[in-house]
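Structural features, examined
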Amino acid sequence: MTRLAFVVLAALVAASCGESLQTSDAAAQVPADAGAAVDAATPPAPDSGALGEPDASDPQPGSDAAVEGADATTAALDAAVVPPDAAAPGPDAGSENGCAPQFAGCATYVDATAEAANRTVAFSSFQYSPKCLQVAAGQSVAFSGSFSFHPLKQACGPAPVITATSTGSSKSFVFTDPGEYGYFCSAHGTAAGTGMAGSILVQ
């Protein structure tokens with residue numbers, strides 16, 4: 001090999017080695033730069049205190065504050081419950097035999113306790129006459145009218161005496177037990193004593 005050829009070969013080898021070194025340096029810089037980019041893109045880890053840790057100001061389960069709050073809630077619920085004894089009185093309140101005071105508006109009664117007295121309650125034109133009648137225990141009272149048009153029923157009293165009647169034109173009932181017996185027309189009155197209704201007071 002001539003000296004010139006050797007010099008040229010040496011130059012080529014040196015140039016090739018220089019390019020390899022530059023390529024290695026560039027490749028070595030890539031991971032460092034990539035790591036910096038990853039670090040920049042990764043959000044900081046959340047503070048452990050923000051992951052649902054209880055606030056010191058909140059009442060803890062079993063603490064005095066939590067127990068007092070539960071007691072207050074229970075007391076409020078108890079106050080909202082109406083005891084059975086406080087319920088509104090039923091329609092039978094106000095009289096020992098179930099009839100409301102002054103049933104059918106009867107404040108005074110026609111006295112038919114005498115042996116020869118007429119104890120007939122006539123009904124027509126949506127009313128009874130007399131609608132407030134007083135008799136003695138053991139006496140009978142007759143109802144006279146069209147039961148098909150004005151069906152008769154007992155509303156209240158110490159015993160069931162006036163049976164429901166919806167046919168015929170006359171029927172009598174014997175009142176043995178003292179007390180007030182309310183009655184009404186089931187077509188034109190109510191068991192509360194409104195509308196076509198009346199009362200028999202047995203002494």
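A short tour of the structure in this document, coming up. (Residues numbered from 1 in each chain as written. Predicted model: local features only at pLDDT ≥ 70, side-chain atom pairs only at ≥ 80, totals over all residues. Heavy atoms only, no water.)

1. So, the pairing of strand 9 (residues 195–202)
As a reminder of what qualifies: Relative accessibility thresholds used throughout: buried, under 20% of the residue-type maximum; exposed, over 50%; partly exposed, between the two (1.4 Å probe, protein chains only). For the purposes of this entry, the term helix denotes a DSSP run of H or I that reaches at least four residues, the term strand denotes a run of E that reaches at least two, and both are numbered from the N terminus. By this definition, two strands are paired if DSSP reports at least two bridges between them.
Among the eight residues that make up strand 9, seven are buried, leaving the element largely enclosed by the rest of the structure. For strand 4 (residues 132–135) and strand 9, the ladder comprises four bridges, and the chain directions are parallel. Note that in strand 9 the partner of valine 135 across the bridge is valine 202. Hairpin connection, strand 8 (residues 179–189) to strand 9: the antiparallel pair is bridged by five residues, and glycine 193 has positive phi, about 95 degrees.

2. So, the state of the cysteines
Short version of the rule: The criterion for a disulfide is a pair of cysteine sulfur atoms lying within 2.5 Å.
This model, assessed by the stated rule, comprises two disulfides. In this model, cysteine 99 is linked to cysteine 156 through a disulfide, with the two sulfur atoms separated by 1.8 Å. Between cysteine 99 and cysteine 156, the disulfide has an S-S torsion of 105 degrees and is therefore right-handed. On the criterion of sequence distance, the pair formed by cysteine 99 in the loop between helix 2 (64–80) and strand 1 (110–111) and cysteine 156 in strand 6 (residues 152–156) is long-range, its members being 57 residues apart. Looking at cysteine 99, the relative accessible area reads 0%, which means it is buried.

3. Details of unusual backbone geometry
The step from serine 129 to proline 130 runs through a cis peptide bond, and the omega angle for that step is -10 degrees. Among the structural elements, proline 130 can be located in the loop between strand 3 (127–129) and strand 4. In this structure, serine 125 takes a positive phi of about 55 degrees despite not being glycine. Positionally, serine 125 belongs in the loop between strand 2 (120–124) and strand 3. Positive phi outside glycine occurs at phenylalanine 126, with the angle close to 65 degrees.

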